[in-house]
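# Observations on the model geometry
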Amino acid sequence: MKSPAGGGPAADLYKQNKKTIIMYMEDFYNEKETRPFISWQLADDFMTAVFEKMGVPTEDARLCADVLLESDRRGIESHGCNRFKPIYIDRIKSGILNPVTKIDILKETPTTAVLDANDGMGMVASKKAMDMCIEKAHKYGMGMVAVRNSSHYGIAGYWTGLAAKENMIGISGTNARPSVAPTFGVENMLGTNPLTFSMPTDEPFPFTLDCATSVIQNGKIEYYARINHDTPKGLVISREGEELTDSAEILKKIRSQQAALAPLGGFGETTGGYKGYGYSTVVEILSAALQSGLFLKALDGKDEEGKIRPYHLGHFFIAIDTEAFMGAEAFKKTCGDILRDLRGSEKAPGQERIYTAGEKEYDVWMYRKDKGV
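Definitions and cut-offs
- Residues numbered from 1 in each chain as written.
- Predicted model: local features only at pLDDT ≥ 70, side-chain atom pairs only at ≥ 80, totals over all residues.
- Heavy atoms only, no water.
- Buried < 20%, exposed > 50% of the residue type's maximum accessible area, 1.4 Å probe, protein only.
- Helix = DSSP H or I, 4+ residues; strand = E, 2+ residues; numbered from the N terminus.
- Pairing = 2+ DSSP bridges.
- Axes fitted to C-alpha atoms, helices over the stretch in contact; angles between N-to-C directions.
- Parallel < 35°, antiparallel > 145°, perpendicular 65-115°, else oblique.
- Left-handed = near helix turned anticlockwise from the far one by under 90°.
- Contact = heavy atoms within 4.5 Å.
- Core = buried A, V, L, I, M, F, W, Y, C linked by side-chain atoms within 4.5 Å.
- Phe/Tyr/Trp six-rings, centres within 6.5 Å; stacked < 30°, edge-to-face > 60°.
- Salt bridge = Lys/Arg side-chain N within 4 Å of Asp/Glu carboxyl O.
- Polar contact = N/O pair within 3.5 Å; in protein donor to acceptor, adjacent residues only side chain to side chain.
- Disulfide = S-S within 2.5 Å.

With 7 of 7 residues buried, strand 4 (residues 168-174) lies mostly within the body of the structure. The two faces of strand 4 match: Met168, Gly170, Ser172 and Thr174 on one face and Ile169, Ile171 and Gly173 on the other face are all buried. In this structure, strand 4 lies alongside strand 9 (residues 313-321), joined through 7 bridges in antiparallel fashion. Bridging from a neighbouring strand, Ser172 pairs with Phe317 of strand 9. As paired elements, strand 4 and strand 5 (residues 195-199) share 4 bridges and run antiparallel to each other.

A pair of packed helices is characterised by two quantities: the angle between their axes and the separation of those axes. For the pair helix 4 (residues 40-53) and helix 6 (residues 84-94), the least separation of the axes is 11 Å and the interaxial angle reads 20°. One way to sum up the angle between helix 4 and helix 6 is to call them roughly parallel. Crossing handedness for the pair helix 4 and helix 6: right-handed. Seen from helix 4, the contacting residues are Phe46, Met47, Val50 and Phe51; seen from helix 6, they are Phe84, Tyr88 and Ile89.

In terms of nonpolar packing, the biggest core is built from 44 residues, with Phe51, Tyr88, Met121, Met130, Trp159, Phe317 and Ala319 touching the most fellow members. Counting only elements with at least two residues in this core, the list comes to helix 4, helix 5 (58-73), helix 6, strand 2 (112-116), helix 7 (122-140), strand 3 (142-150), helix 8 (156-164) and strand 9. No other element matches helix 7, which puts 9 residues into this core. Aside from chain neighbours lying at most four places away, what touches Ala319 is Met130, Cys133, Ile134, Ala137, Gly141, Met142, Gly143, Ala163, Met168 and Ile169. Judged by nonpolar contacts, the second largest core, of 14 residues, contains Tyr224, Val236, Ile254 and Leu261.

This paragraph deals with unusual backbone geometry. Even without glycine at this site, Asn118 takes up a positive phi of about 50°. Note on Asn118: relative accessible area 25%, which makes it partly exposed. In this model, Asn149 sits at a positive phi of 50°, which is unusual for a non-glycine residue. Residue placement: Asn149 occurs in strand 3. On the basis of relative accessibility, which here comes to 19%, the residue Asn149 falls in the buried class.

Turning our attention to the sheet that holds strand 4. Each strand in a sheet pairs with its neighbour through backbone hydrogen bonds, running either in the same direction (parallel) or in the opposite one (antiparallel). In space, the 7 strands of this open sheet follow the order 1-2-3-9-4-5-6, with mixed pairing throughout. Every interior strand has two partners, whereas the edge strands, strand 1 (104-108) and strand 6 (207-209), have only one. Averaged over neighbouring strand pairs, the angle between their axes works out to 15° when direction is ignored. Together, strand 1, strand 2, strand 3, strand 4 and strand 9 form the strand contacts of helix 7, whose direction differs from that of strand 3 by roughly 160°. In this fold helix 11 (residues 273-289) packs onto strand 3, strand 4, strand 5 and strand 9, with an angle of close to 95° to the strand it touches most, strand 9.

This part is about the packing of aromatic side chains. Geometrically, a pair of aromatic rings is defined through the distance of the ring centres and the angle of the planes. Applying the stated criterion to the full structure yields 9 aromatic pairs. Ring geometry for Phe51 and Phe84: centres 5.1 Å apart, planes at 85°, overall edge-to-face. With Phe51 in helix 4 and Phe84 in helix 6, the pair connects residues that are 33 residues apart, well separated along the chain. With respect to burial, Phe51 and Phe84 carry one shared label: buried. Where Tyr223 meets Tyr224, the ring centres are 6.4 Å apart and the plane angle is 35°; that geometry is what we call tilted. What makes Tyr223 buried here is its relative accessible area of 8%.

For the coordinates displayed, the defined rule picks out 28 salt bridges. For the salt bridge of Glu329 with Lys332, the shortest nitrogen-to-oxygen distance reads 3.3 Å. Taken together, the residues Glu329 and Lys332, both in helix 12 (residues 328-343) and 3 residues apart, mark about one turn of the helix. Looking at Lys332, the relative accessible area reads 14%, which means it is buried. Overlapping salt bridges bring together Asp202, Glu203, Lys333, Asp337, Arg340, Arg343, Arg353, Glu359 and Asp363 as one network.

Of note, Arg368 is situated in helix 13 (residues 359-368). On the accessibility criterion, Arg368 (3% relative accessible area) is buried. A distance of 2.5 Å separates the side chain of Arg368 from the side chain of Glu77, its partner in a polar contact.

This brings us to the state of the cysteines. Tallied over the entire structure, the rule returns 0 disulfides. Looking at Cys211, it has no disulfide partner, and the nearest cysteine sulfur is the one in Cys335, 16 Å off.

Counting buried residues in strand 9 gives 9 out of 9 residues, a clear majority hidden from the surface. Residue alternation in strand 9 divides its side chains into two sets, Leu313, His315, Phe317, Ala319 and Asp321 and Gly314, Phe316, Ile318 and Ile320, and both sets are buried.

Looking now at the side chain of Asn175. Along the chain, the position of Asn175 falls in the loop between strand 4 and strand 5. Given a relative accessible area of 0%, Asn175 falls into the buried group. If we skip the residues at most four places from it in the chain, Asn175 touches Asn193, Val283, Glu284, Ser287, Ala288, Leu294, Leu299, Leu313 and Gly314.

These figures come from the coordinates and say nothing about function on their own.
Shown next, in the form of structure tokens:
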């Protein structure tokens, strides 16, 4: 295991806490006892080859594989290689996901655009959209692109991270098939709807907040089901108001619309569930209304006869050039100072470390980069 590339407080912090990080990884992922590793290159080559065999053009196949692997690099196993077959390959086979992504520009201004992905690969459409955002931001300071008729686009942080690499603030969100209940409700209406930000820093990794607006997401429950682990109580509710914990049962009931996930903050208002519900609604509006697309129940992947159909998801992407304000270097320094002050603040009794968003993911990569997937 090697220390992080680059220097500074983040690299020093990794060295100081390497033992704790290894213990955390082995405990949380149970890698030490049960799970074999394969090389990153083998996983990449395999998924790329299968995507190509399914009709995805070579460059698109490489991109799609890289997005999935990036999730595993960061330890976000709910969206990594495990979703390769059920979310992508199976959908291509069933005819609801087009392997060749035809992208149409429906409307464009100097700072905005609307794209139609024509039910192709969400990652391919997302790369086009964020590239356009970055190009517009370089010219005009900001760029925003909405995408319609798309599909699952992987982890949102992949796209916001592209902006951060250009010294820009990246923002993205997407709607998804309905699985989350509104506050005081039990019906699955909203998707897990991530609202994601990446910001460049003067450290080896950006600040990246990449999380759903629900307490838990479907992919995490799928992971729990695979390892025969119960879903914690209080995260899923049935139509009868019962809190569910059996992960396999939860997946069946969510798909049959007999159960729903809790928004961030939980059910009700006591612990702030209305906040997660509100943010999820913001993502739904921005993902659908900017491109006049489908929303809420219409995203369940079923037609009027109950037959499967493309999901027709919507995404939005924003890039903001920090150079257009007080300069990129000043932004990165201030951003880094804020994060270091937070990490250096007084810790709760018994706690060894305070994290900032994106730091744990960076630690996971440092742990895994020489071990594999």
